[in-house]
Amino acid sequence: MGACAQDACAAIHCSAARRLSLTLAPYAAALLLGLVFSCGFAPISLSGAAWAALAAALALAAVQKAPRSSAFVMLAFALSWFASSLTWTAASMTEHGRLPEALAAAGVGALAFICALFSAAAVWLTAKLPLRKPLRPVAMACGMAFAEYLRGAGFVDFGWSTPALAFLELPLSGYAPVGGGHLVNLTGLLSAGFVAGGVFWAAERRLRPAVGALAIAAAIWAAGAGLSTHAWSSLGPSVAVRMVQADLPVVDAFTHADPAERLAAATKLIRRPWPE
């Protein structure tokens, strides 16, 4: 009986560990996909890999059974995307703001979390819609595009690391002269959503809608490529300019510069910005 009890306990522990690993697997995958997506930003600029990671993240969020699970998957993806692409702000906080490294790291994490909430909220809301699985990634893509607009010029005015900047090496960048970064966001997200939806249609053995979804994604890319060939501007005559970096006292949490001193120094530079 003792051996049987031990075997039963071992089986229970094994089953619990398996369930836990299956529960955490989507979030671990989302974190990894977010890291790959951040490689689309300069200086790495792997735009193709970033777009593919986005499509995979939309598919991963769409297959979740509950809207809350979909939101947490996208939160993990976006948290990894923003945390890795905004690491440079830590150097700015430590070198110029004189903050301790631990506090700067916490600041990057908090900033990434706030930015990630927009995408997670968009996915949570769209996941509540009564849609078939192949249509969910498209709806989530539209929601995320609107969330990025709100995070940028629409409301918060903090569009750092927006997806459009990860698509600069793709034909999708051809939409930038027409509708700016927001149109690049929309087309990039939509094309990724249609590809994910096409895969779901194919998995259901629905060939016609699968081909249609993939064709829409291809058309979005083709239109972007066509727009890229148009000359939207031309170079004019060169103009000689000089730039001045004002040598003024740094103002931060630990240094309280005299405003009058800063104003006097700036006025001197304006009157005679460089030696003749």
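To be clear, the structure that these remarks concern was listed above.
Residues numbered from 1 in each chain as written. Predicted model: local features only at pLDDT ≥ 70, side-chain atom pairs only at ≥ 80, totals over all residues. Heavy atoms only, no water.

Regarding the overall build of the protein chain
Check the secondary structure of the protein chain and you find 9 helices and 0 strands. Start at the N end of the protein chain and walk to the C end: the helices and strands fall as α-α-α-α-α-α-α-α-α. Expressed as a percentage of the 276 residues in the protein chain, the buried residues total 33%. Partitioning the contacts of the protein chain with sequence separation of at least 6, the portion at a separation of at least 24 is 68%. Summed over all atoms, the accessible surface of the protein chain reaches about 16,200 Å², with 68% contributed by carbon and sulfur. (Helix = DSSP H or I, 4+ residues; strand = E, 2+ residues; numbered from the N terminus. Buried < 20%, exposed > 50% of the residue type's maximum accessible area, 1.4 Å probe, protein only. Contact = heavy atoms within 4.5 Å. Areas by Shrake-Rupley, 256 points an atom, 1.4 Å probe, with all protein chains shown as cover.)

Thoughts on the packing of aromatic side chains
Taken as a whole and judged by the stated rule, the model has 10 aromatic pairs. Ring geometry for F37 versus F77: centroids 5.6 Å apart, planes at 55°, classification tilted. Taken together, the residues F37 in helix 1 (residues 2-38) and F77 in helix 3 (residues 67-85) connect sequence positions 40 residues apart. On the accessibility criterion, F37 (0% relative accessible area) is buried. Relative accessible area serves as the criterion here: at 0%, F77 is assigned to the buried category. Among the aromatic residues, those joined into a ring-pair cluster are F37, F41, F77, W81, F82 and F167. (Phe/Tyr/Trp six-rings, centres within 6.5 Å; stacked < 30°, edge-to-face > 60°.)

Some thoughts on the pattern of salt bridges
Under the defined criterion, the tally for this structure stands at 2 salt bridges. Of the charged contacts, one joins E204 and R132 as a salt bridge, the two residues approaching to 2.6 Å between their closest N and O atoms. Highlighted residues: E204 in the loop between helix 7 (176-203) and helix 8 (207-228) and R132 in the loop between helix 5 (101-127) and helix 6 (136-154), separated in sequence by 72 residues. What makes R132 partly exposed here is its relative accessible area of 41%. Of the charged contacts in the structure, one is a salt bridge between E148 and R151, with a shortest N-O distance of 2.7 Å. Placement of the pair is E148 and R151 together in helix 6, with a separation of 3 residues, close to one helical turn. Of the two residues examined, E148 and R151, each falls in the buried class. (Salt bridge = Lys/Arg side-chain N within 4 Å of Asp/Glu carboxyl O.)

Topic: the side chain of S70
Note on placement: S70 falls in helix 3. In this view, S70 contacts A61, Q64, V123, A127 and M140; residues no more than four positions away in its chain are not counted.

Quick notes on helix 2 (residues 47-62)
The terminal C-alpha atoms of helix 2, which comprises 16 residues, lie 23 Å apart, in line with the 22 Å expected from a rise of 1.5 Å per residue. Counting buried residues along helix 2, 12 of its 16 residues qualify, which places the element largely inside the surrounding structure. Where helix 2 is concerned, the buried positions are S47, A50, W51, A53, L54, A55, A57, L58, A59, L60, A61 and A62. (Expected span 1.5 Å × (residues − 1).)

Side note on a nonpolar patch on the surface
A grouping of L32, L35 and V36 is seen on the molecular surface, where their side chains present a nonpolar patch of about 250 Å² in accessible area. Mapped onto the fold, L35 is located in helix 1. Of the residues examined, L35 reaches a relative accessible area of 42% and is grouped as partly exposed. (Patch = residues over 30% accessible without salt bridge, like charges linked within 9 Å, V, L, I, M, F, W, Y side chains within 5 Å.)

Focus: unusual backbone geometry
Residues other than glycine predominantly adopt negative phi, and peptide bonds predominantly adopt the trans conformation. A cis amide bond links A42 with the next residue in sequence, P43, at an omega value of 10°. Within the secondary structure, P43 is located in the loop between helix 1 and helix 2. In this structure, D157 takes a positive phi of about 60° despite not being glycine. Note on placement: D157 falls in the loop between helix 6 and helix 7.

What about the nonpolar core?
If you look at the biggest cluster of nonpolar residues, it comprises 55 residues, and the most contacted ones within it are F37, L54, F77, M144 and F167. Elements with a minimum of two residues in this core: helix 1, helix 2, helix 3, helix 5, helix 6, helix 7 and helix 8. Of all the elements, helix 2 adds the most residues to this core, at 11 residues. (Core = buried A, V, L, I, M, F, W, Y, C linked by side-chain atoms within 4.5 Å.)

A short note on the environment of A223
With respect to the helices, strands and loops of the structure, A223 is situated in helix 8. Taking the C-alpha atoms as reference, A223 lies 8.3 Å from Y175; in sequence the two are 48 residues apart.

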